[in-house]
Amino acid sequence: MINQGDSGTNMNKIGLHVYGVQNISDCSDIIQEGRIALKFIGQQDNAEGSVLANTGTATGVGIGLYDYNSRSPIAINTGTLAIDKNTTTWLGLQSVKLSGQEAKMGSMKGALTVEIERL
């Protein structure tokens, strides 16, 4: 298990797409100009506050969010993931050991809201 703040290594990947409801070209233009990103909202961990808190039975662990392509961490509630107009945008999820805590086995779960941010 990687440490909180490390680059992702063995992530589960989730494909994300943003489409306009009425006029797809308007939404595509904004994406192409780099003015739309995704923000991930949820309960933050009790160590550094940068990953999604685990609400399962495992302790000392959280759910890290990553830009799957660069393997860079995305901070919960503050970080964003840029949307690419022409391809799938990939979010990576990986269990992480929380800083200063001992990891103990158990279940992992968390709730995450995805917001579309207009930059």
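Please read all numbers here as calculations on a predicted model, not as lab measurements.

Draft legend 1. Just the overall build of the protein chain, in detail. Secondary structure summary: the protein chain contains one helix and nine strands in total. Looking at the protein chain as a whole, 36% of its 119 residues qualify as buried. For the protein chain, the share of sequence-separated contacts (at least 6 apart) that also reach a separation of at least 24 residues comes to 79%. In the form shown here, the protein chain has an accessible surface area of approximately 6,900 Å², with 47% of it arising from carbon and sulfur atoms.

Draft legend 2. Structural context of the sheet that holds strand 9 (residues 113–118). If you walk across this open sheet you meet the three strands as 7-3-9, and the pairing is antiparallel. Only two strands of the sheet have a single neighbouring strand rather than two, namely strand 7 (80–82) and strand 9. Along the sheet, successive strands turn relative to each other by an average axial angle of 30°, direction set aside. The pairing of strand 3 (residues 36–41) with strand 9 spans six bridges and is antiparallel. Following the sheet pairing, isoleucine 36 is matched in strand 9 by arginine 118.

Draft legend 3. Quick look at the environment of arginine 71. By the element assignment, arginine 71 lies in the loop between strand 5 (61–67) and strand 6 (72–74). Overall, arginine 71 belongs to the partly exposed group, its relative accessible area being 33%. When the C-alpha positions of arginine 71 and threonine 9 are compared, they lie 7.2 Å apart, and in sequence the two are 62 residues distant. Apart from residues no more than four positions distant in its own chain, arginine 71 is found in contact with Ser7, Gly8, Thr9, Met11 and Tyr66.

Definitions and cut-offs
As a convention, each chain's residues are numbered from 1 in the sequence order in which they are written. In keeping with the model being predicted, local features are shown solely for residues with a pLDDT of at least 70 and side-chain atom pairs are shown and tallied solely at 80 or more, while totals for entire chains, interfaces and linings include all residues. Processing note: side-chain calculations cover all non-hydrogen atoms of the structure and skip hydrogens and water entirely. Where helices and strands are cited, they refer to DSSP runs of H or I of at least four residues and of E of at least two residues respectively, numbered from the N terminus. Think of it in three bands: residues with accessible area under 20% of the maximum for their type are buried, residues over 50% are exposed, and the middle band is partly exposed, with areas taken using a 1.4 Å probe on protein chains only. For this analysis, residues touch if any pair of their heavy atoms sits within 4.5 Å. Here the open area of atoms and residues is found with the Shrake-Rupley method and a 1.4 Å probe, where only the protein chains shown may cover a residue. For two strands to count as paired, DSSP must find a minimum of two bridges between them. Inter-axis angles, ranging from 0 to 180 degrees, are taken between N-to-C directions of lines fitted to C-alpha atoms, where helices are fitted over the stretch in contact.

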